[in-house]
There are 2 protein chains.
Amino acid sequence: MSASPAAAPGRPRDPEVDRRIAQAALDVFGDAGWAGFAMEAVARRACVGKASLYLRWNSKEALLTHAITAGLPRVSDVDTGTLHGDLVELATQMLDLYVGSSSRAAIRLNLEAEAIPGVAEHYLSMRKAQVVAARAIVRRGIDRAELPGTISVTLLLDTLIGGAMMHALTTPADRRAALAGDTAAHARLLVDFLLSAVTAVDA
Amino acid sequence: MSASPAAAPGRPRDPEVDRRIAQAALDVFGDAGWAGFAMEAVARRACVGKASLYLRWNSKEALLTHAITAGLPRVSDVDTGTLHGDLVELATQMLDLYVGSSSRAAIRLNLEAEAIPGVAEHYLSMRKAQVVAARAIVRRGIDRAELPGTISVTLLLDTLIGGAMMHALTTPADRRAALAGDTAAHARLLVDFLLSAVTAVDA
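Please read these numbers as outputs of a predicted model, since none were measured by experiment.

Caption draft 1: Representation of unusual backbone geometry within the structure. Here the phi dihedral of Ala-145 of chain A falls at roughly 60°; this positive angle occurs in a residue that is not glycine. For Ala-145 of chain A, the position within the fold is in the loop between helix H7 (120-143) and helix H8 (153-170). Phi angles above zero are rare outside glycine, and Cys-47 of chain B is one such case at about 55°. In this fold, Cys-47 of chain B is placed in the loop between helix H2 (39-46) and helix H3 (50-56).

Caption draft 2: The arrangement of the packing of helix H7 (residues 120-143) of chain B against helix H8 (residues 153-170) of chain B in detail. Residues and elements named next belong to chain B. Between H7 and H8, the shortest axis-to-axis distance is 10 Å and the interhelical angle comes to 120°. Judged on the interaxial angle alone, H8 and H7 are oblique. In the packing of H7 onto H8, the handedness of the crossing is right-handed. Contact residues: H7 offers Ala-134, Arg-135, Val-138 and Arg-139, while H8 offers Val-153, Thr-154, Leu-156 and Leu-157. In terms of residue class, the contact of H7 with H8 is built from five nonpolar, one polar and two charged.

Caption draft 3: Main features of the relation of the copies chain A and chain B. Relative to chain B, chain A is turned by 180° and slid 0.0 Å along the rotation axis, the superposed coordinates differing by an RMSD of 0.0 Å. Seen this way, the second copy is the image of the first under a two-fold rotation axis. Taken as a fraction of all interface residues of chain A, those also at the interface in chain B reach 100%, which identifies the copy contact as same-surface.

What counts, and at which threshold
- Residues numbered from 1 in each chain as written.
- Chains lettered and ligands numbered in written order.
- Predicted model: local features only at pLDDT ≥ 70, side-chain atom pairs only at ≥ 80, totals over all residues.
- Heavy atoms only, no water.
- Helix = DSSP H or I, 4+ residues; strand = E, 2+ residues; numbered from the N terminus.
- Axes fitted to C-alpha atoms, helices over the stretch in contact; angles between N-to-C directions.
- Parallel < 35°, antiparallel > 145°, perpendicular 65-115°, else oblique.
- Left-handed = near helix turned anticlockwise from the far one by under 90°.
- Contact = heavy atoms within 4.5 Å.
- Nonpolar A, V, L, I, M, F, W, Y, C, P; charged D, E, K, R; others polar.
- Least-squares fit on C-alpha atoms with pLDDT ≥ 70 in both.

See below:
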């Protein structure tokens, strides 16, 4: 097993430790924001030594950038072969994100990311890539004649992504565990509801 | 002109000053959060003396509670007589809020309000009242036979409110002024799109 280029020499990286650090970084950022984001707090939360954090990332900016990349869903990975399948997966990703433990970090990125040097550019280009990938899902549906070419891609995606986010954020605490246990079921209801709008507009 | 009960004796309150203070309080909270929320910063932002702030509210908690009540839209005020009109007004409120200057405060309340003693209870009861009022709008539409009784009130409201919020938050900076100038036009597009879904489900 060869170490990845970013790893310290002679120390093969443990992906499980990387994952735990990314989640701890999102947790600390979600709770305390950039003002309270410190390598020490992340190391404590991830139960790793501070040295082992610095071996991997030499700055707070690099660590948060890694956590954003590793810990948030990637729309570009969605390609099930059908429009319905792709939209359900996209809605499921959003429900999982906003009902899950990274929800506070995702909301806080909206507020703070653009003002953090070294993170802003990465976050903005990732957001842009997400929008491009989501629009590509709908375009593929139009190409496969699953959707009329006249539909508003913007309205369909705003209501799908916004509807999933709003549902996760407004589900009362006592029903959140049930939603988290089967986000795909709600995603299907949401997609069926919205696709009937698109079909009706066409008819 | 008689002073309102909360005003200092002999000092009639100026509603324009109250409004300016509420907006300044939301601006400071939106930028700096509860950790950076100080009477002095709000007074400076509103261009009023610190004494005149303390004459009105004797604590940071009371000031932020006032700003939330006065500065954020109230769904309970929406009643135009038709379902279409009510939903357009509701969507317009959300677009105005998230494309406007109080957007950061509204997002930050999601993150922080529950942890601020003296503000949490007020914020949660206001959120609850908003949900009840929004559901009442849809119920009135069903009573007037503008909607089938079988529709999912939750899906309709999640996609309407979430879709408006998402649209405002993802509109690129160079197009935000155009959206802010005519939020009602986009609200109508959104409502027409969603109501066609409801009709299609019924057909």
